[in-house]
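Structural overview
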Amino acid sequence: MAKILVIEDEFAISQVLKAYLKKVGYDVEQCFNGRQAMELYKEYQPDLVLLDIMLPEKNGWLILKEIRAVSACPVIMLTALSDVNYRLDGFHQGADDYIAKPFIADEVVARIKAVLRRSESKNETTVKKQFGQLEIDMQAHQVVLNGQEIVLTPRDLSVLLFLAEHPNQTFTRDQLIEQIWGWEYEGSDRAVDLAVKRLRKALVNWDESEGEIKTLRGLGYQLSVHKK
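About the criteria used
- Residues numbered from 1 in each chain as written.
- Predicted model: local features only at pLDDT ≥ 70, side-chain atom pairs only at ≥ 80, totals over all residues.
- Heavy atoms only, no water.
- Helix = DSSP H or I, 4+ residues; strand = E, 2+ residues; numbered from the N terminus.
- Buried < 20%, exposed > 50% of the residue type's maximum accessible area, 1.4 Å probe, protein only.
- Salt bridge = Lys/Arg side-chain N within 4 Å of Asp/Glu carboxyl O.
- Contact = heavy atoms within 4.5 Å.
- Pairing = 2+ DSSP bridges.
- Right-handed = clockwise from strand over helix to strand, strands pointing away.
- Core = buried A, V, L, I, M, F, W, Y, C linked by side-chain atoms within 4.5 Å.

Glancing now at unusual backbone geometry. In terms of backbone geometry, most residues other than glycine have negative phi values and most peptide bonds are trans. Put simply, K101 and P102 share a cis peptide bond, and its omega is -5°. Looking at where P102 falls in the secondary structure, it is placed in the loop between β5 (97–100) and α5 (105–126). The phi torsion at Q45 lies on the positive side, around 50°, for a residue other than glycine. Checked against the element boundaries, Q45 lands in the loop between α2 (37–44) and β3 (48–52). For Q45, a relative accessible area of 44% translates into the label partly exposed.

Printed below as a string of structure tokens:
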């Protein structure tokens, strides 16, 4: 049974979607507030997200960006905005599909089935990242090194997942803070340094000939992987 997270602030619309999705056999969780979306997402770990753009406190674009920082989970955007530019924005930012309101519930169900089918067909080639003996499952949020699972805190795992999604690319502390902690974070950027320090300790047995989390002085951090 696939799990669907509906992030929609209009109660009536959310309830209609929930009723139709449960009728066809999906498990459904609801979120009505943008600020609570990522917390519920990480707790529920859905197979697909229906995400409204115009949400209170945090809009759908920011939530989509945060989801993409940690997961390849399929996301279908819901919005009353019919302008094609918004649709293109959604695809450019990583949305899998786009449905404009008002919509027919049966169409939403059909779109969900189509997106889940596409997601299942590409999982084997895009979800798992292999860097020598380091294997990172982006969907299951699992890290295996030398055949042994590495247990990480949710925050440290999010840092590793983001870097693994962009190997050999360098990110400043501010960029990592924005992508992983979120733009509302008000703490010190030392949190990034500490997360990287813990990750290096957890990956101490990763052969340096295969890769490492590298510091580029004055620039930032990158997951540097070596092709053989």
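Before going further, it helps to spend a moment on the pattern of salt bridges. The final tally for this structure, using the stated rule, is twelve salt bridges. K101 is the salt-bridge partner of E10, the closest N and O atoms lying 3.9 Å from each other. With a gap of 91 residues between them, E10 in the loop between β1 (3–7) and α1 (11–23) and K101 in the loop between β5 and α5 connect regions that are remote in the sequence. Overall, E10 belongs to the partly exposed group, its relative accessible area being 41%. It is possible to trace a salt-bridge network through shared partners that takes in E8, E10, D52 and K101.

Relative to the helices and strands, L48 resides in strand β3. Measuring from C-alpha to C-alpha, the distance between L48 and L5 comes to 6.5 Å, with 43 residues separating the pair along the chain. Once residues within four sequence positions are removed from consideration, L48 is found in contact with K3, I4, L5, C73, P74, I76, I112, V115 and L116.

Right, let's get into the pairing of strand β4 (residues 75–79). Among the five residues in β4, five count as buried, and that is most of the element. What you see with β4 is no split at all: V75, M77 and T79 on one side and I76 and L78 on the other are buried throughout. Taken together, the four bridges between β3 and β4 define a ladder with parallel strand orientation. Looking at the pairing, L51 lines up with M77 of β4. The parallel pair β3 and β4, bridged by helix α3 (residues 60–70), forms a crossover whose chirality is right-handed.

Attention now goes to the nonpolar core. Formed by 55 residues in total, the largest nonpolar core has its most connected members in I7, V49, L51, M77 and I136. The leading source of residues in this core is helix α6 (residues 154–165), at seven residues. V49 has contacts with L5, I7, Y41, I67, C73, P74, V75 and I76, leaving out every residue within four places of it along the chain. Of all hydrophobic cores here, the second largest spans 18 residues; its members include V6, L48, L50 and V108.

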